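# Examining the three-dimensional arrangement
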Amino acid sequence: MAMEKTFNAAEAESRLYKAWEEAGCFKAGANAKPEASAYCIMIPPPNVTGVLHMGHAFNNTLQDILIRWKRMQGFDTLWQPGTDHAGIATQMVVERELAKTQQPSRRELGREKFLEKVWEWKEKSGGTIVEQLKRLGASCDFSRTAFTMAGAHGDTRTGHENSPNFHDAVIKVFVEMYNKGLIYRGKRLVNWDPHFETAISDLEVENLEVAGHMWHFKYLLANGATYEYLEKDEDGNVTFREERNYISIATTRPETMLGDGAVAVHPSDERYAPIVGMLCEIPVGPKGQRRLIPIITDEYPDKDFGSGAVKITGAHDFNDYQVAKRARIPMYRLMDTKGQMRADGAPYDEAAGIAMAVAKDEQTLTENEADAVNLVPDDLRGLDRFEARKLVVEQITSEGLAVMQTVAKTDPESGEDVQVLEPYVENKPIMQPFGDRSKVVIEPMLTDQWFVDAEKVVGPALDAVRNGDVKILPESGEKTYYHWLENIEPWCISRQLWWGHQIPVWFAVAVDDGAEEDLEEMFCAATEEEALQAAYQKLGFKKLIVTEAMKDSGKPVDLGAIGGGLSAQADLSSAPHIILRRDPDVLDTWFSSGLWPIGTLGWPEDTAEMQKYFPTSTLVTGQDILFFWVARMMMMQLAVVDQIPFDTVYLHGLVRDAKGKKMSKSTGNVVDPLEIIDEFGADALRFSSAAMAALGGVLKLDMERLKGYRNFGTKLWNAVNFAHFNNVYDENTPAFDCPDASAAVNQWIIGETAKVRVEVDAALEAYRFNDAANALYAFTWGKVCDWYIELSKPLFGSEDEAVIAETRQTLGWVLDQCMILLHPIMPFITEELWGNTAKRGNMLVHEDWPAYGTELVNAEADAEMNWVITAIENIRSTRAQMHVPAGAKIPMVVTEFSDQARNAWQKNEAMIQKLARITSLEQVESFPKGCASVAAPGAAFGLPLADVIDVDAEKARLEKTLGKLAKELGGLRGRLNNPKFAASAPEDVVAEARENLSLREEEEAKVKEALARLAEIG
């Protein structure tokens, strides 16, 4: 069969993938042997809005390596694909699309019509990343593609043919967990995105360093009180003494001072002991109406940082929230959902009076009562939070309540240095939270949300890892897992969005003559009908109860079928009735994706897939979502079906650039995997991913290595072409069996093949993808394409037809094994070669994985050929080091020769002479002058070079190189030994300097070794 000169990846990849799909090669159970064990991988579902990035490419390559390997081994495999509905991301994309095409906005459309637009977009563009995964070669069973919103209201697909009804599973779990007391509604502090007006998870928050300010303000003590403020040294000596009528506070967010509930100091801070328990005045607000708040103690303040005193704003800071809860300090919310200062509620003087009564212990407030109190002064209400910040600072400073500091300045008129007082403001970098999609500053906000009581479900998830039922790799991931779960907080699962699984809870509101009253009753049910039934059971069949959807429909309502036989013609506009209003919030996508293992297999139905593939086998995912997804899948599967979801979790880090820098658009180092595939082919990208996948290692994507792996594929292609040239393949050639070889070269390569098979299996079993890739690279390129091809040439030139036939059979078998063993990592080129060579009973994707082992190793042939290779390599190395002209053929002498070494030489003399360019070998008592020594096991060779090279010129060249290296090494060592460089330079710059030093030191050692050899020659 004629082959092209090179592999055309651009043409072949789509053709081969189509052939695999049409043949059903990836379907669940394909190529499974009778009574085979199941092996299932659940794809971490990419966002339906997503496009393939390097993280996806890396992650899915590792999964594909495992699934192809297990499929070839005959396991009953399923690689379950699918996408996540991605609440915020999808809603944002569709809203932008509406604006771009000048359609009505989300608010103008209303919830129902907007969701129709989302489903339209999903059907049109939501499959992009699935198609991109196919370009990578991902062998998922795409006929089972799941979607986390499948089956939800408005789903445009009939019968949900590509996915189980995921929505029903999600709603069922919510209802069951609610009824068990595992889900509740409460008021807690959450990350709030003012742009999207929703709570978001920690993973959706980017903490970025920005230029910030730290303002220092005075909180005056109530009633003009004063105290002696003392500072002492370590020995207790007073170093500063001052009578003060205030306590100093520093803040980066002055606008939140309006909601302060207390000032806290550490219990051991002696400076403030005289004023603990006293009241102090917030320095902002109308004069005469400024609130008083207590000074309390708590372990949270750091007495060695700043003034040692901190303001406690429980509704707008996560640390303050914990202090406020411990001390039962009221939490006053200052902002609305858009991040503007609140404009609702009673006027400031009334609100401040309530808060003052609380501070003086004259009144108590519940959480909801405190939330209703608006402590924003009337002149600041409705302002953007950052505009309010400016005005707060101006007001405090203008009234002399800013802490002042003495600053040296130059008088512009006299030119003399003068001392002036200025407000104490520290200008310094601060870490600020931003929404990863909205790019606005995230506000900690006290809001009503739905929570999973994680403490009640975390125990089994911890036990599953502790007792070894689930293994997390690398082991450092287990420590992180334990830390997070042992310190778990309630999990906020509600989002203020429209796209998502709407929370199945209805609130009862009594309506009489247009007036509404919240009955403080709620009903959790899977359907509207079930909610109505529950309401009638609880509130009584004599009442007129309807859902808001029923009322808004304008259609007659068959109330008799629902409740107690009430008239369907009741006039809801005038008759007293109860409306059930469904909670408008939706569930966090992490809640629905937490059910991914069972939801994709058809739960709650007892499907054949659930019985066969659950629990699943291996989860490959990023270490950044260990808590957000992995731990939550563990908790939820154990809570719902009382089984672990998988037995092994393989965690990897972020893919970085060649220097180890995080890829980002701002840095300009983002690499598009599709562009890599276009340039180098999918196999090169996949091999690169495997090669950098050291367990727990840093993932550095190097474009030079990608070129090398493309060349690696070409090397294999050329080896097969060599086999074609030597008539290894013809039209009647069947698949090759392992030959019973007699030639040492053939016996040796068969043994090397067996060794690498064992090594690859051991590496993949241990998830050491890099070891598997490196072993295959060294074997295929070094042992097969270089050494065996060269060593086989004299055999192909033999006049013995039996030797030629044996070598053809051996080369054919070895190349087949290369294709088989490389297929999980490089599926495209290996499948193409498989089809272009011998006649096959099946495609390579379904070829049986070999089971042979070291029984194929012939110890004598192994020792003989490894001696020959070592001798040739050492002769070549010495020639290169001494700059012997490449074409020069020179004699060689030997002083020591063991029987084993001599035997190996004699059997392979012609081969060694040809490959090492040696004309003859003479045994001598001692080396003549001008001889360079060459070592080999059991032999001491010498190359007489005095008349072959110009020793003096070579010495001069090497000494010049050595001098240049000495300067470079001095500079590098100087930088690295400088403490300032190590402390201030970026981590990647320091790492690069260390790497350069190591390379230069290695080069220096080689030059010195060459000079020493020249000294031997004279």
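Notes on the structure follow.

### Let's talk about the sheet that holds strand β34 (residues 939-944)
The sheet built from four strands is open, its strands ordered β32-β31-β34-β33 with mixed pairing. The sheet is open, and its two edges are formed by β32 (918-923) and β33 (931-936), each paired on a single side. The average angle at which neighbouring strand axes cross in this sheet is 30°, direction not considered. Pairing analysis gives four bridges linking strand β31 (residues 890-897) to β32, with the strands arranged parallel. Across the sheet, the residue bridging to I890 is I918, located in β32. With respect to the sheet, helix α28 (residues 859-881) is in contact with β31, β32, β33 and β34, its orientation differing from that of β33 by roughly 155°. On top of the sheet, helix α29 (residues 899-916) reaches β31, β32 and β34; it is set at about 155° to β32, its chief contact.

### Quick word on the nonpolar core
Within the largest apolar cluster, 227 residues are counted, with the highest numbers of intra-cluster contacts made by F174, Y481, F591, L815, W867 and F941. Tallying contributions element by element places helix α25 (residues 769-796) first for this core, with 14 residues. Leave out the neighbours within four places in its chain, and W867 touches F897, A901, A904, W905, I912, A936, P937, A939 and F941. Judged by nonpolar contacts, the second largest core, of 38 residues, contains V190, L258, M341 and M445.

### So, unusual backbone geometry
The omega torsion across W603 and P604 is 15°, close enough to zero to call that bond cis. Position of P604 relative to the elements: it lies in the loop between α18 (596-599) and α19 (608-613). Cis geometry marks the peptide bond from F614 to P615; its omega dihedral reads -5°. Within the element layout of this structure, P615 appears in the loop between α19 and β27 (618-622). Residues other than glycine seldom take positive phi values, yet Q102 does so here, at roughly 55°. Note on placement: Q102 falls in the loop between α3 (87-100) and α4 (106-109). At N727, a position not held by glycine, the phi torsion is positive, near 60°. With respect to the helices and strands, the residue N727 is situated in the loop between α23 (703-725) and α24 (744-765).

### Examining the pairing of strand β2 (residues 76-80)
With respect to burial, β2 is a largely interior element, five of its five residues being buried. Of the two faces of β2, the one holding D76, L78 and Q80 and the one holding T77 and W79 are both buried throughout. As defined by bridge partners, strand β1 (residues 38-42) adjoins β2 across five bridges and the pair is classed as parallel. Within β2, the position partnered with I41 by the bridge is W79. Each parallel crossover has a hand, and for β1 linked through helix α2 (residues 54-72) to β2 it is right-handed.

### Section: the pattern of salt bridges
If you walk through the whole model with that rule in mind, you get 54 salt bridges. Taking the shortest distance from any N to any O, the salt bridge between E255 and R389 comes out at 2.8 Å. Separated by 134 residues along the polypeptide, E255 in the loop between β10 (246-251) and β11 (262-265) and R389 in helix α11 (residues 385-398) bring together distant segments of the chain. Notably, a salt bridge pairs E486 with R466, separated by 2.5 Å at the nearest N-O pair. With a gap of 20 residues between them, E486 in helix α13 (residues 476-486) and R466 in helix α12 (residues 454-466) connect regions that are remote in the sequence. Owing to a relative accessible area of 45%, E486 belongs among the partly exposed residues under this scheme. Among the residues examined, R466 registers a relative accessible area of 46% and is labelled partly exposed. One salt-bridge network, in which partners are shared between bridges, spans K187, R333, D371 and D448.

Procedures and definitions
Here the residue numbering is sequential within each chain, running from 1 through the sequence in written order. In keeping with the predicted nature of the model, local features appear solely for residues at pLDDT of at least 70, side-chain atom pairs appear and are counted solely at 80 or more, and the whole-chain, interface and lining totals rest on all residues. With hydrogens and water excluded, all non-hydrogen atoms of the structure serve as input to the side-chain values. Here a strand pair is declared whenever DSSP counts at least two bridges between the two strands. Note on conventions: DSSP H or I runs of at least 4 residues are helices, E runs of at least 2 residues are strands, and numbering of each starts at the N terminus. In this description, a line fitted to the C-alpha atoms serves as the axis of each element, helices being fitted only across the stretch in contact, and the angle between N-to-C directions of two axes falls anywhere from 0 to 180 degrees. In this analysis, two residues are considered to be in contact whenever any of their non-hydrogen atoms come within 4.5 Å of each other. For our purposes a nonpolar core is just a set of buried Ala, Val, Leu, Ile, Met, Phe, Trp, Tyr and Cys residues, chained together by side-chain atoms within 4.5 Å. Each residue is assigned to one of three classes by its accessible area relative to the maximum for its type, calculated with a 1.4 Å probe on protein chains only: buried under 20%, partly exposed between the two thresholds, exposed over 50%. Look down the strands so they point away from you; if going from the first strand over the helix to the second traces a clockwise path, that crossover is right-handed. Every case where a carboxyl oxygen of Asp or Glu lies within 4 Å of a side-chain nitrogen of Lys or Arg is listed as a salt bridge.

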